[in-house]
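Tertiary structure, described
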Amino acid sequence: MARICYVCGKKPMTGHRISKSRRHTKRRWLPNLQRVRIQTEAGNKRIRICVRCLKSGKVVKVISGAGEPELALETAS
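An account of the accompanying structure is given in this report. (Residues numbered from 1 in each chain as written. Predicted model: local features only at pLDDT ≥ 70, side-chain atom pairs only at ≥ 80, totals over all residues. Heavy atoms only, no water.)

Considering the overall build of the chain
Here is the rule: Numbering goes from the N terminus for both helices and strands, where a helix is a DSSP run of H or I of at least four residues and a strand is a run of E of at least two. Partly exposed residues are those whose accessible area sits between 20% and 50% of the maximum for their type, while under 20% is buried and over 50% is exposed, using a 1.4 Å probe and protein chains only. In these tables, accessible area is a Shrake-Rupley quantity obtained with a 1.4 Å probe, and a residue counts as shielded only by the protein chains included in the view.
The helix and strand tally for the chain stands at 2 helices and 4 strands. For the chain, the succession of helices and strands along the chain, N to C, is β-β-β-β-α-α. Out of the 77 residues belonging to the chain, those deemed buried represent 16%. Surface accessibility of the chain: about 6,600 Å² in total, with carbon and sulfur atoms responsible for 50%.

Shown next as structure tokens:
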């Protein structure tokens, strides 16, 4: 699975690690991706999203178990 944000498309960046002797070696900066369940028109979906998009509220998270306690109380009554 690719390390790409589902919302903004943020990808790993490349650059150089520079030692004290100024020697350059390649390195990567990875985005802070989290696996989150979101609500879509088609239903719930599990995606990988960066924390910046998650904190800004660009997606609506699914609240797990939101309807279950109400059903359990009705069947127990």
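Things to note about the environment of leucine 30
Convention followed: Contacts: residue pairs with any heavy atoms within 4.5 Å of one another.
Note that leucine 30 resides in the loop between strand 2 (24-29) and strand 3 (33-40). Between the C-alpha atoms of leucine 30 and lysine 11, which are 19 residues apart in sequence, the distance is 7.2 Å. If we ignore the near neighbours within four places in the chain, the residues touching leucine 30 are Arg3 and Pro12.

A closer look at the environment of threonine 14
The residue threonine 14 is located in strand 1 (residues 13-18) in this model. Remark: the alpha-carbon pair of threonine 14 and arginine 27, spanning 13 residues in sequence, is separated by 5.9 Å. Setting aside anything within four residues of it in sequence, one finds threonine 14 in contact with Arg27, Arg28 and Trp29.

Focus on the pairing of strand 2
So the rule is basically this: When DSSP finds two or more bridges between two strands, those strands count as paired.
Where strand 1 lies against strand 2, 6 bridges are found, and the strand directions are antiparallel. For arginine 17, the partnering residue across the bridge sits in strand 2 and is threonine 25. Count of turn residues in the strand 1/strand 2 antiparallel hairpin: 5 residues, of which arginine 22 carries a positive phi of about 65°.

As for the nonpolar core
Selection rule: Think of a nonpolar core as a cluster: buried Ala, Val, Leu, Ile, Met, Phe, Trp, Tyr and Cys residues, connected wherever their side-chain atoms sit within 4.5 Å.
One finds Cys5, Leu33, Val36, Ile38, Ile47, Ile49, Cys50, Cys53 and Val59 forming the largest nonpolar core, which totals 9 residues. At the level of secondary structure, the elements contributing two or more residues to this core comprise strand 3 and strand 4 (43-50). Apart from the residues lying within four places of it in its own chain, the contact partners of valine 59 are Val7, Ile38, Ile49 and Leu54.

Section: the state of the cysteines
This is how it is decided: Only a pair of cysteine sulfur atoms within 2.5 Å counts as a disulfide in this structure description.
One pass over the structure, following the stated rule, counts 0 disulfides. In this structure cysteine 53 is a free cysteine whose sulfur lies 3.4 Å from that of cysteine 50, the closest cysteine sulfur available.

Focus: the environment of alanine 2
In this structure, alanine 2 sits in the segment before strand 1. The class of alanine 2 is partly exposed, set by a relative accessible area of 47%.

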